[in-house]
Amino acid sequence: MRYNQIVKSNVTINVLSNLEELSEAAKISFLEIANESIQKRGRFLISLSGGNTPMKLYEKLAHEKLAWEKVYFFWGDERCVPVDDAGNCYGQTKKILFDKIGQTNIQRIESDLEPASAAKAYANTLKDFAEPPLDWPRFDLALLGMGDDGHTASLFPGSPVEVNSATVAVVANYQDRPANRVSLTQNVFNTARNIFFLVSGSSKAETLKKVLSSEYAPLELPAQRIDPQNGKVVWFVDSAAASLL
Ligand code: 6PG
């Protein structure tokens, strides 16, 4: 099963049967955007997400041919635990992807620091890639997930909706995952050229329905804060997550 639904002019929802198909569809679109970015601007700036859902995509990408030396990897968020901790986003991706394609141009969040220091250091890293007048790069693609509670990256329900920084330090308990985190804010995501949300599983169905409904509740549903001014949003969701749409 695969179908497209256009919600707004810049928002598309792709519903796929299962995580395997979702990851395959996301991989194809990822490679298209990467190749186009490299052709047009000489490099591809990608912000990765943590969580379980994108791991199959990363596994698939590890087998693909791409000018990897022109790909600049960043993260939308990170958990402040050592790299060899199972909860570290960079560490997860290293095993699945970087150890296969070679480590080039990786701008990881310094997860061994306290969240406030790591957030500050990461904001400085972003400045090195800034596209003026922004203090940060315009990502060619930002990958995001969505929690059962509607969080995205490490922007959790109840966190401030109005922020003027590029990064934030966060303490948030979600499932059994590390609580100390660093996140990009929606200010950065909302200047990306493309955003993919990868969402899988029936535990997300209720929240996905609310996030995609017309009722705007960004305090409770941080995923709704993502609304790029000049970019496209594509949701890749499996049929379990889409069951209430
Ligand atoms: C992180 C995230 C987070 C994640 C969601 C969904 O914790 O690293 O970036 O926002 O995407 O919690 O996680 P799952 O894909 O595991 O459901």
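Just so you know, these numbers come straight off a predicted model, no measurement behind them.

Within the structure shown, the criterion is met by twelve aromatic pairs. Each ring, one from Phe30 and one from Phe44, has its centre 5.4 Å from the other, and the planes form 80°; the classification is edge-to-face. With Phe30 in helix α1 (residues 19-41) and Phe44 in strand β3 (residues 44-48), the pair connects residues that are 14 residues apart, well separated along the chain. Residue class for Phe44 comes out buried when judged on its relative accessible area of 0%.

So, on to the sheet that holds strand β5 (residues 77-79). Two pairing modes exist for strands in a sheet, parallel and antiparallel, and in both the strands are linked by backbone hydrogen bonds. Ordered by their spatial adjacency, three strands build an open sheet running β5-β8-β7, and the pairing between neighbours is antiparallel. A strand with exactly one partner marks an edge of an open sheet, and here the two such strands are β5 and β7 (167-171). The sheet shows a mean angle of 20° between the axes of neighbouring strands, direction not considered. For β5 and strand β8 (residues 180-184), the ladder comprises three bridges, and the chain directions are antiparallel. Paired with Asp77 across the strands is Ser183, a residue of β8.

Around the ligand, a shell composed of 16 residues is seen, among which Thr53, His151, Ala153, Arg177 and Lys204 lie nearest. Arg79 places a polar side-chain atom, nitrogen or oxygen, 2.9 Å from an oxygen atom of the ligand. Arg181 places a polar side-chain atom, nitrogen or oxygen, 3.0 Å from an oxygen atom of the ligand. Tallied by class, residues from the shell around the ligand come to four nonpolar, seven polar and five charged.

Basis of the calculations
- Residues numbered from 1 in each chain as written.
- Predicted model: local features only at pLDDT ≥ 70, side-chain atom pairs only at ≥ 80, totals over all residues.
- Heavy atoms only, no water.
- Phe/Tyr/Trp six-rings, centres within 6.5 Å; stacked < 30°, edge-to-face > 60°.
- Helix = DSSP H or I, 4+ residues; strand = E, 2+ residues; numbered from the N terminus.
- Buried < 20%, exposed > 50% of the residue type's maximum accessible area, 1.4 Å probe, protein only.
- Pairing = 2+ DSSP bridges.
- Axes fitted to C-alpha atoms, helices over the stretch in contact; angles between N-to-C directions.
- Near = heavy atom within 4 Å.
- Polar contact = N/O pair within 3.5 Å; in protein donor to acceptor, adjacent residues only side chain to side chain.
- Nonpolar A, V, L, I, M, F, W, Y, C, P; charged D, E, K, R; others polar.

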